[in-house]
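Close look at the chain arrangement
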Amino acid sequence: MSKLLLLMAAPCLAGAAIAAAPSDTEELTAMINAFRAAPGECQGEAAPAAPQLTSQPALASIRIRPGTILSAALENAGYANSKSNAISISGVQTPKDVMAAIQPRFCRTLLSEDYSDIGVSRTGAEWTVVLAHPAPPLPSTTFPAWQDAGKLILEGVNAARAAGQVCGSQAFPPAPPLRWNEQLGEAALAHSSNMAAKRYFNHVGKDGSVVGDRARRAGYSWTRIGENIAFGSYTPQEVLEGWLASPGHCSNIMNRDFTEMGAAYAVTPEQRSGVIYWTQAFGKPRQ
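The following refers to the structure shown. Sequence order as written defines residue numbering, which begins from 1 separately in each chain. In view of the model being predicted, local features appear only for residues whose pLDDT reaches at least 70, and side-chain atom pairs are presented and counted only at 80 or more, with totals across whole chains, interfaces and linings using the full set of residues. Just so you know, side-chain values use all the structure's heavy atoms and leave hydrogens and water out.

What follows is about the overall build of the chain. In DSSP terms, a helix is any run of H or I states spanning at least four residues, a strand is any run of E spanning at least two, and both are numbered starting from the N terminus. In terms of helices and strands, the chain carries 9 helices and 14 strands. For the exposure calls, accessible area comes from a 1.4 Å probe over protein chains only, and a residue counts as buried if that area is under 20% of its type's maximum, exposed if over 50%, partly exposed in between. Scored against the burial criterion, the 287 residues of the chain give a buried share of 46%. Contacts between residues were defined by any pair of non-hydrogen atoms, one from each residue, lying within 4.5 Å. At a minimum sequence separation of 6, the contacts of the chain that also span at least 24 residues come to 70%. With residues, only the protein chains shown are counted as cover, and all accessible areas are computed by Shrake-Rupley using a 1.4 Å probe. For the chain, the exposed area adds up to about 13,800 Å²; of that, 55% sits on carbon and sulfur atoms.

Next comes the structure, spelled out in structure tokens:
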């Protein structure tokens, strides 16, 4: 019974020179590109050809484990990405068998033009194919200051609250608008900046703090507190769309118990392409 995996080949002689045979990872990459060049059918439908994928060592270095956030793992490997996906399989021994296993089930992913790069790896009997597209450059100097970006998010949040939303399976009626709170904005900025500086993506800070701690540090006395975070979005509109599409984040946005909000973004110190972290802090002040 197969799952999803990878291998390596031995060197060969060509004339008087010694040349290395393609590794199994290279062979599988070539097979995937050959499929993209002449796919024939995908799940019973004629499929158009797709551009060739470029091998990237950073993508081949990724190991998928329970709880892995692929985009964050790629960023940690030095590959800022705007879109990524991974296919894993175990229990097969040759690139040909891997391709036979993944092509029928994942042909749409393998043929997607959303991806331009590929990395294939093998650990024991586990194979991983990572597909990704690099992030565009960081916003220019015309990108809004964090307060302006946060207030653009607030405008979108209040429009969403006014309209009512369906968050997953839960319908939320219209909710009153939130007010901008500078202290919550400072708390959001602190967390975004910390994640960017220390290269992690988590609600829990490297110092063990959570949103309530960060809000108090910023001088905000609260009775209700909440937080949304995001990584890799490039505009306030894009990050808000992502939160609204996620049931848990959307529920925070529509929560009538919150009356105030702050939001901020931060980028890594060296301003590397595409590495942007966002935090949205919600609160209800203590009277």
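Turning our attention to the state of the cysteines. Cysteine sulfur atoms that come within 2.5 Å of each other are treated as a disulfide pair. As enumerated under the stated definition, the model contains 2 disulfides in all. Across a sulfur-sulfur distance of 2.0 Å, Cys42 and Cys107 are joined as a disulfide pair. Across the S-S bond linking Cys42 and Cys107, the dihedral sits near 80°, which makes this disulfide right-handed. Here Cys42, found in strand 3 (residues 41-42), pairs with Cys107, found in helix 4 (residues 95-111); they are 65 residues apart in sequence, far enough to count as distant.

Relative to the assigned elements, Gln103 resides in helix 4. Residue classification places Gln103 among the partly exposed residues on the basis of a relative accessible area of 28%. Contacts of Gln103, omitting those with residues within four sequence positions, involve Phe35 and Leu110.

A few words on the pairing of strand 8 (residues 126-134). Side-chain direction in a regular strand flips from residue to residue, so the side chains alternate between the two faces of the sheet. Here, any two strands with at least 2 DSSP bridges between them count as paired. Bridge count between strand 6 (residues 81-90) and strand 8: 9 bridges; the pairing is antiparallel. Following the sheet pairing, Asn85 is matched in strand 8 by Leu131. Bridging between strand 7 (residues 117-123) and strand 8 involves 7 bridges; their strand directions are antiparallel. The residue bridging Gly119 from the neighbouring strand is Val130, located in strand 8. What sits between the antiparallel neighbours strand 7 and strand 8 is a turn of 2 residues, in which Gly124 has the positive phi angle 60°.

Picture the strands of a sheet paired through backbone hydrogen bonds; they go either parallel or antiparallel. The mixed open sheet is built from 4 strands, whose spatial order is 5-7-8-6. The two strands at the open ends of the sheet, each matched to only one other strand, are strand 5 (54-55) and strand 6. Here the axes come from fitting lines to C-alpha atoms, over the contacting stretch only for helices, and the angles between their N-to-C directions go from 0 to 180 degrees. Helix 1 (residues 24-37) contacts strand 5, strand 7 and strand 8 of the sheet and is inclined by roughly 140° relative to strand 7. Sheet strands in contact with helix 4 are strand 6 and strand 8, and its direction is about 140° off that of strand 6.

Right, let's talk about the packing of aromatic side chains for a bit. Centres within 6.5 Å are what make two rings of Phe, Tyr or Trp a pair, Trp counting through its six-membered ring; a difference in plane orientation under 30 degrees is then read as stacked, over 60 as edge-to-face, and the rest as tilted. With the rule as written, the count across this model stands at 4 aromatic pairs. A centroid spacing of 4.9 Å and a plane angle of 55° characterise the contact between Phe231 and Tyr277, whose relative ring orientation is tilted. Of this pair, Phe231 sits in strand 12 (residues 222-231) while Tyr277 sits in strand 14 (residues 276-285), placing them 46 residues apart in sequence.

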